[in-house]
Amino acid sequence: MTTTPHTLAPVSADLLRQRLASILPAHCLIEETEAQRPYECDALSLYRELPLFIALPETADQAQAVLQCCHELGVPVVPRGAGTGLTAGAMAHPEGVLLGLAKLNRILDIDPVARTARLEPGVTNLAISEAAAEHGLYYAPDPSSQIACTIGGNVAANSGGVHCLKYGLTTHNLLAVEMLTVEGERVTLGGDGLDGPGLDMLAIITGSEGLLGVTVEVTVKLLPRPEIARVLLAGFDSVSAAGDAVGAVIAAGIIPGGLEMMDALALQAAEDFARAGYPRDAQALLLCELDGTEEEVAQHIDEVSAIFTAHGATSLRVSEDEAERSLLWKGRKSAFPAVGRMSPDYYCMDGTIPRHQVSHVLEEISRLSKKYDLRVANVFHAGDGNLHPLIMYDAADPAQVTRAEQFGVDILELSVAVGGAITGEHGVGLEKLNQMHDQYGESELHLFEDIKAAFDPQLTLNPGKGVPILKRCQEYRALPGKHNHGC
Ligand SMILES: Cc1cc2nc3c(=O)[nH]c(=O)nc-3n(C[C@H](O)[C@H](O)[C@H](O)COP(=O)(O)OP(=O)(O)OC[C@H]3O[C@@H](n4cnc5c(N)ncnc54)[C@H](O)[C@@H]3O)c2cc1C
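An unreviewed UniProt entry lists the protein under the name FAD-binding protein, with Halioglobus japonicus as the source organism. Per UniProt, the protein carries the Cofactor (unreviewed entry) text "FAD".

See below:
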């Protein structure tokens, strides 16, 4: 299929303002530069841009009308949840509208019998579990950003979290999505049953990074809270010993509720921040959560302790109660801001590698750290093989920025070279467009391009993100004054 590149014919800002003002109340439309500043980037602050207008609808009908208006005028639209994304996926388009969905934040229904929750897209991830708690239920995917990130953003990024090793990613906990097409038509994808008729459109939408439609309602599955959960904390004197221990746990047929690793620098930062009692002398730390019935958990604690000991654990500690369990997780869950206290800025990478490559990849990252003269702290979803190297740099020093970016590219290329992937849970966004060429061949990229064009023929929905649209990129770059967003 040939795509028709959107040529971004300039639309009169006055006309657009007039149309948006007829749809939204004044407090839902932001034009003034200073008021727009909080929206100029997502959590990847390396990339910043301001839109023409920020639209913050309070109802799905208003969001629909904004999309219809932008479609009619050929104006780019970038959907945004809470802006906690780490790939600049929600970064604004300079000639477009940033469509913030955070005000659509009502929990529409919790059905304890069907164990489902129906939500507006701006409901935060944590709020779902908080609301479900009175029924003894919770929502399993738990990004570390869960206090802020929205379920609409989670669906768009197919987000993961600590509990995803056992309970799956967003895609495994999703039943239905109400979506607005780029033309502003409302469609329902998925349903109450496990296997709907026809093409599995829900699977295409999940993880589609705001490129195919705008989510305005989400139905998720809720799970019963496990009877008990305990955390086993283990120190090791090398990351390779800890990495081997992770492999041995999975090989023993035990799937922990969570299995996370931190290297020496990350654990120091987390301990300084959380005072959780992590062993400061360890070179690597594993946090292994075991959940289920009392008997199951007791048996798994014994088995995993034996495996860790056999792999040279230098210390072992088991949480005794819920307060201690939360404290042990607090360090890991706040590892990013904790590392942020060690350096003016940090750049969080997100690649996935086969678990047996952990030691090799960490050695390479350490070598690259010397090469680029930038410190790096490693935090992992170890059970999934999902790396989060946090590259420390100073954004005020352009040379450091360039080195940090190149360091990140090398890590992604390394992930592909060892048989892994350029993304773990954060998506492609703007950040990883070039690395899509390392991951995929032309035929696959053209297939992605065709899917994008089938939903959005004029390429006005979140343009320049997720899929390196080959033909369009060449033409776009040729336009005077256009950004080269690395496509
Ligand atoms: C400290 C920290 C820890 C994190 N930990 C994790 C983690 O453990 N696991 C993980 O997976 N991620 C993690 N993230 C990344 C991020 O929180 C997730 O990707 C999250 O799902 C983004 O949600 P959001 O509402 O902030 O989306 P945004 O950042 O606003 O947007 C993300 C993408 O979704 C699109 N989008 C947003 N809302 C909609 C909508 N309603 N319809 C269509 N498209 C939409 C945007 O266009 C963009 O492409 C972390 C981020 C931070 C800062």
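Caption draft 1: Geometry of the site of the ligand. Neighbouring residues of the ligand: 35 residues in total, closest P79, T84, S145, T150 and S159. G89 has a polar backbone atom sitting 3.3 Å from an oxygen atom of the ligand. Side-chain polar atom of N462 to an oxygen atom of the ligand: 3.3 Å apart, as the coordinates give it. Surface burial for the ligand is 94%, taken as the share of its 970 Å² of free accessible area covered by protein chains. Where the shell around the ligand is concerned, the elements lending two or more residues are β3 (77-80), α5 (151-157) and β10 (214-221). Here the element with the most residues in the shell around the ligand is α5; it accounts for five residues.

Caption draft 2: Seen up close, the UniProt feature "domain: FAD-binding PCMH-type" (unreviewed entry) in the protein. Summarizing the sequence annotation, UniProt attributes the feature "domain: FAD-binding PCMH-type" (unreviewed entry) to residues 47-225 in the numbering used throughout. Between the end C-alpha atoms of residues 47-225 the distance is 39 Å, and the span holds 21% helix and 25% strand.

Caption draft 3: Molecular detail of the environment of L108. Following the sequence through the fold, L108 ends up in strand β5 (residues 107-111). For L108, a relative accessible area of 28% gives the class partly exposed. For the pair L108 and I391, spaced 283 residues apart in the sequence, the C-alpha separation amounts to 40 Å. Once you skip the residues sitting within four places of it in the chain, L108 turns out to touch R118, L119, E120 and E217.

Caption draft 4: Quick look at the packing of helix α13 (residues 358-372) against helix α14 (residues 398-417). Where α13 meets α14, the axes come as close as 11 Å, and the angle between the chain directions of the two elements is 160°. One element, α13, and the other, α14, form an angle in the roughly antiparallel class. Between α13 and α14 the crossing geometry is right-handed. Contact residues: H360, V361, E364, I365, L368, S369, K371 and Y372 in α13; R403, Q406, F407, D410, I411 and L414 in α14.

Caption draft 5: Local environment of the environment of D200. Assignment of secondary structure puts D200 in the loop between β9 (186-190) and α7 (201-205). Measuring from C-alpha to C-alpha, the distance between D200 and R355 comes to 30 Å, with 155 residues separating the pair along the chain.

Caption draft 6: Representation of the pairing of strand β12 (residues 228-236) in the model. Counting buried positions over the nine residues of β12 gives seven, a clear majority of the element. Pairing analysis gives nine bridges linking β12 to strand β14 (residues 284-292), with the strands arranged antiparallel. Opposite R230, over in β14, you have L290 as the bridge partner. The pairing of β12 with strand β15 (residues 315-318) spans four bridges and is classified as antiparallel. Paired with A234 across the strands is L316, a residue of β15.

Caption draft 7: Spatial organisation of unusual backbone geometry. A positive phi angle, close to 60°, is found at A88, a residue other than glycine. In this structure, A88 sits in the loop between β3 and β4 (97-100). Judged by its relative accessible area of 0%, A88 falls in the buried class. The residue N462 is not glycine, and still its phi comes out positive at about 45°. Structurally, N462 can be placed in the loop between α16 (442-455) and α17 (470-478).

Caption draft 8: Quick peek at a negative patch on the surface. Together, E227, E294, E295 and E296 make up a region of like negative charge exposed at the surface. Checked against the element boundaries, E295 lands in helix α10 (residues 294-310). Judged by relative accessible area, which is 58%, E295 ranks as exposed.

Caption draft 9: Spotlight on the side chain of Q64. Counting through the fold element by element, Q64 comes out in helix α3 (residues 60-73). Residue class for Q64 comes out buried when judged on its relative accessible area of 18%. Setting aside anything within four residues of it in sequence, one finds Q64 in contact with L180, G184, E185 and R186.

Caption draft 10: Seen up close, the packing of aromatic side chains. Under the criterion given, the structure shown has five aromatic pairs. On the numbers, 6.4 Å between centres and 85° between planes, the contact of Y138 with Y167 is edge-to-face. A residue pair is termed long-range when its members are at least 10 positions apart, and Y138 in strand β7 (residues 137-138) and Y167 in helix α6 (residues 164-167) qualify at 29 residues. Taking the relative accessible area as the measure of exposure, Y167 reaches 21% and is therefore partly exposed. Between Y372 and F407 the ring centres are 5.5 Å apart and the planes differ by 25°, which places this aromatic pair in the stacked class. Of this pair, Y372 sits in helix α13 while F407 is found in helix α14, placing the two residues 35 residues apart along the sequence. Each member of the pair, Y372 as well as F407, carries the same accessibility label: buried.

The rules behind each value
- Residues numbered from 1 in each chain as written.
- Predicted model: local features only at pLDDT ≥ 70, side-chain atom pairs only at ≥ 80, totals over all residues.
- Heavy atoms only, no water.
- UniProt positions renumbered as here; feature names shortened; annotations may be inferred.
- Near = heavy atom within 4 Å.
- Polar contact = N/O pair within 3.5 Å; in protein donor to acceptor, adjacent residues only side chain to side chain.
- Areas by Shrake-Rupley, 256 points an atom, 1.4 Å probe, with all protein chains shown as cover.
- Helix = DSSP H or I, 4+ residues; strand = E, 2+ residues; numbered from the N terminus.
- Buried < 20%, exposed > 50% of the residue type's maximum accessible area, 1.4 Å probe, protein only.
- Contact = heavy atoms within 4.5 Å.
- Axes fitted to C-alpha atoms, helices over the stretch in contact; angles between N-to-C directions.
- Parallel < 35°, antiparallel > 145°, perpendicular 65-115°, else oblique.
- Left-handed = near helix turned anticlockwise from the far one by under 90°.
- Pairing = 2+ DSSP bridges.
- Patch = residues over 30% accessible without salt bridge, like charges linked within 9 Å, V, L, I, M, F, W, Y side chains within 5 Å.
- Salt bridge = Lys/Arg side-chain N within 4 Å of Asp/Glu carboxyl O.
- Lys, Arg positive; Asp, Glu negative; His and termini not counted.
- Charge placed at Lys NZ, Arg CZ, Asp CG, Glu CD.
- Phe/Tyr/Trp six-rings, centres within 6.5 Å; stacked < 30°, edge-to-face > 60°.

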